[in-house]
Amino acid sequence: MELTRTAFGTWSGGRFMHFGEPLDDNRLIDSIRLAHKKGIHTFLTADVYGAGQADEMLGRALKPIARESYCLVGAVGNDFYTGESGGSKGYPRFTDPKLRKPAQYADYLRMATEKSLVRCSVSKFDLLLLHNPDSTGYTSDEVWLGMQKVKEAGLADRLGIAPGPANGFTLDLIHCLERFDGLIDWAMIILNPLEPWPGNLCLPAAAKTETKIITRVVDYGGLFHDDVKPGHQFAASDHRKFRPTGWVEAGCEKIERMRPIAKAHGLTLLQLSCIWSLRHPMVQSVVPTLIQEIGSDTKRIEEKIEELAALPNVRLTQDEYECLCEIGDNTNCMTLKGGNPEHSGDPLPDRWTMTADLEAVAARWKINPARDLTMRHT
């Protein structure tokens, strides 16, 4: 089954990634089943979420539902089997040279995929993503040969890549799509009306390589759900507390300027964000984070699921699209991850210096790294 326009990710519900109130087992399972019942028929999970617990919860929720009625997307890449957690940095990538050599990549990928499938109670993924790769993951023939072997073994119908969790990896993703053209079917990027940059820089390469795009963070940290307002209190462990001071106030001010366009089409703000994302060529699926915010005056997560499921077939005019782009322009607003001219010194797991290959990618796609990939204002 191919991915559908709307999707549910297991980072929703606050259990395995800290966004809002963590749902208990029953409510999370009921939310997943509600999503399917209302017409959201694509579900995404990653083996590292909860060190396998997200897989198991999704498997429990979907077990009574006919397998042919939903699309299942898995993701592997962080080694929580033999690697040690680095606290807030998470588990290391399986390509860490301290864990294994390139000749062992294929065996790891098959093992991780098989274990994830067992936890999900299915025999194959419709799409398997390489999750949160380091520089090796973007460039290694051994990595992608290993992914191809997983597909050839019948454990996945399609292959893809999911950079992150932070924003960036622009040139790395383009280089990967070009280098492994024909093998990669899907890529996941961050894209929404308040974060068009830098994801929009990858879209022309996706079109050329015929790579379909999933967009995440379509909700912009919950602001497009319309229940995070200035003064909102986040729990001490909430993942969004890493954002800079004032992001809620600044985002809400921009969203108010977008609201008339949503109203003109009878859309909620979340639906407007989804429609804006889907207007881009190659964007085929949107997967916002569905959050139960803390507080008695916030929307129930079930209402947010129904909003997403009811996404209409609306197309923004060119003027409306450009107006939203102008309001939400975030160019050069943050330090990006991946290959970046701002980085110097030894490579880090999520940031490294520019290479000759990345310079060539930038030249081919008319991207000026110093101008287009650096933070130039706060």
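Along each chain, residues carry numbers from 1 onward, in the same order as the chain's sequence is written. For this predicted model, a pLDDT threshold of at least 70 governs which residues receive local features, and a threshold of 80 or more governs which side-chain atom pairs are given and counted, while totals over whole chains, interfaces and linings are taken from all residues. In computing side-chain values, all of the structure's heavy atoms are included and hydrogens and water are not.

Asker: Which parts of the structure should I look at to understand the pattern of salt bridges?
Answerer: A side chain of one charge can pair with a side chain of the opposite charge when the charged atoms of the two come close. Any carboxyl oxygen of Asp or Glu that lies within 4 Å of a side-chain nitrogen of Lys or Arg is treated as forming a salt bridge with it. On inspection of all chains with the given rule, the structure shows 24 salt bridges. The residue Glu253 makes a salt bridge to Arg257 at a minimum N-O spacing of 3.7 Å. Taken as a pair, Glu253 and Arg257 lie in helix α8 (residues 247-264) at a separation of four residues, close to a single helical turn. Members of the salt-bridge network, linked through shared partners, are Asp226, Lys229, Glu256 and Arg259. The way it works is that DSSP assigns letters per residue, a run of H or I at least four long becomes a helix, a run of E at least two long becomes a strand, and they are numbered from the N terminus.

Asker: I keep staring at helix α1 (residues 25-38) and nothing clicks. Help me out?
Answerer: Think of an α-helix as 3.6 residues a turn; residues three or four steps apart then line up on the same face. Each residue after the first adds 1.5 Å to the expected span of a helix. Relative to the 20 Å expected for 14 residues at 1.5 Å per residue, α1 spans 20 Å between its end C-alpha atoms, a close match to the ideal helical length. Three or more residues of α1 are buried, namely Leu28, Ile29, Ser31, Ile32, Leu34, Ala35 and His36. In what follows, residue pairs with any heavy atoms lying within 4.5 Å of each other are defined as contacts. The elements touched by buried residues of α1 are β1 (8-9), β2 (42-44), α2 (53-62) and α10 (301-309). The positive-phi residue at the C-terminal boundary of α1 is Gly39, with phi of around 115 degrees. Burial status follows relative accessibility: with a 1.4 Å probe on protein chains alone, a residue under 20% of its type maximum counts as buried, one over 50% as exposed, and anything between as partly exposed.

Asker: For this particular structure, what's the right way to read the packing of α1 against α10?
Answerer: Relative orientation and spacing of two packed helices are given, respectively, by the angle between their axes and the distance between those axes. Direction vectors running N to C along α1 and α10 enclose 20 degrees, while the axes themselves pass 9 Å from each other. With respect to their mutual orientation, α1 and α10 come out roughly parallel. In the crossing of α1 with α10, the sense of the turn from one axis to the other is right-handed. Contact residues: Arg27, Ser31, Leu34, Ala35 and Lys38 in α1; Ile301, Glu302, Ile305, Glu306 and Ala309 in α10. In this analysis, axes come from line fits to C-alpha atoms, helices being fitted only over the stretch in contact, and the angle between any two N-to-C directions falls in the range 0 to 180 degrees. Throughout, the term roughly parallel applies to angles under 35 degrees, roughly antiparallel to angles over 145, roughly perpendicular to angles from 65 to 115, and oblique to all others. Here a crossing is called left-handed whenever its near helix is offset anticlockwise from the far helix by less than a right angle, and right-handed whenever the offset is clockwise.

Asker: I tried to follow the packing of α8 against helix α11 (residues 318-328) on my own but got confused; where do I start?
Answerer: In the contact formed by α8 and α11, the axes pass within 10 Å of each other and the chain directions differ by 170 degrees. Overall, the two elements α8 and α11 adopt an arrangement that is roughly antiparallel. Where α8 approaches α11, its residues Lys254, Arg257, Met258 and Ile261 are matched on the opposing element by Glu320, Cys323, Leu324, Ile327 and Gly328. Side-chain classes are defined by residue name, with Ala, Val, Leu, Ile, Met, Phe, Trp, Tyr, Cys and Pro counting as nonpolar, Asp, Glu, Lys and Arg as charged, and the others, Gly among them, as polar. By residue class, the composition of the contact of α8 with α11 is five nonpolar, one polar and three charged.

Asker: How should I be thinking about the side chain of Thr42 in this particular structure?
Answerer: Topologically, Thr42 is positioned in strand β2. For Thr42, a relative accessible area of 0% gives the class buried. Residues adjacent in sequence count toward polar contacts only when both atoms are side-chain atoms; beyond that, a polar contact is any pair of N or O atoms within 3.5 Å, and within protein one must be able to donate a hydrogen and the other to accept it. In terms of polar contacts, Thr42 uses its side chain to reach the side chain of Thr4, at 2.6 Å. If sequence neighbours within four positions are ignored, Thr42 has contacts with Glu2, Leu3, Thr4, Thr6, Ala7, Phe8, Cys71 and Val73.

Asker: Please explain α8 as it appears in this structure.
Answerer: With 18 residues, α8 should cover 26 Å at 1.5 Å per step; its first-to-last C-alpha distance of 26 Å lies within 8% of that length. In this analysis the local bend is the angle between axes fitted, respectively, to the seven residues ending at and the seven residues starting at the residue. Along α8, the sharpest change in direction is near 40 degrees and occurs at Met258; proline Pro260 comes one to four residues later. Taken residue by residue, α8 has Trp247, Val248, Gly251, Cys252, Ile255, Met258, Ile261 and Ala262 as its buried positions. For α8, the secondary structure elements touched by its buried residues are α9 (269-278) and α11. Where α8 ends, the next residue or the one after it, Gly266, has phi of about 70 degrees, a positive value.

Asker: Can you help me understand the nonpolar core in this one?
Answerer: Most often, soluble globular proteins have nonpolar side chains that are buried together. To qualify as a nonpolar core, a set must consist of buried Ala, Val, Leu, Ile, Met, Phe, Trp, Tyr and Cys residues joined through side-chain atoms within 4.5 Å. Judged by nonpolar contacts, the single largest core of 116 residues is most densely connected at Phe43, Leu72 and Trp144. Discounting chain neighbours no more than four positions away, the residues touching Phe43 are Phe8, Ile32, Ala35, His36, Leu58, Leu62, Tyr70, Cys71, Leu72 and Val73.

Asker: So what exactly am I meant to see when it comes to the sheet that holds β1 here?
Answerer: Sheets are built from strands paired through backbone hydrogen bonds, the pairs being either parallel or antiparallel. Only strands that DSSP links by at least two bridges are regarded as paired with each other. Here we have eight strands laid out as an open sheet, ordered β1-β2-β3-β4-β5-β6-β7-β8, and parallel in their pairing. Strands with a single pairing partner mark the edges of an open sheet, and in this sheet they are β1 and β8 (283-287). Pairing between β2 and strand β3 (residues 71-76): three bridges, direction parallel. Bridging from a neighbouring strand, Phe43 pairs with Leu72 of β3. Of the strands in this sheet, β3 and β4 (127-131) are in contact with helix α3 (residues 105-120), which crosses β3 at around 135 degrees.

Asker: For this particular structure, what's the right way to read the packing of aromatic side chains?
Answerer: Two measures describe an aromatic ring pair: the distance that separates the ring centres and the angle between the ring planes. Each Phe, Tyr or Trp ring, with Trp reduced to its six-membered ring, pairs with another whose centre is within 6.5 Å; inter-plane angles below 30 degrees give stacked pairs, above 60 give edge-to-face pairs, and intermediate values give tilted ones. All chains considered together, the criterion is met by 15 aromatic pairs. Measuring from centroid to centroid gives 6.2 Å for Phe43 and Tyr70, while their planes differ by 85 degrees, and the two rings are edge-to-face. You can see Phe43 sitting in strand β2 and its partner Tyr70 sitting in the loop between α2 and β3, a full 27 residues away along the chain. Here the aromatic rings of Phe80 and Tyr81 are separated by 4.3 Å at their centres, their planes lie at 25 degrees, and the arrangement is stacked. Judged by relative accessible area, which is 13%, Phe80 ranks as buried. Through a chain of ring-to-ring contacts, three or more aromatic side chains come together here, namely Phe80, Tyr81, Tyr91, Phe94, Tyr105 and Tyr108. Ring-over charges, as used throughout, are those where CZ of Arg or NZ of Lys falls within 6 Å of the ring centre and within 35 degrees of the ring normal. One residue, Arg243, lies across the ring of Trp247, its end atom 4.6 Å from the ring centre.

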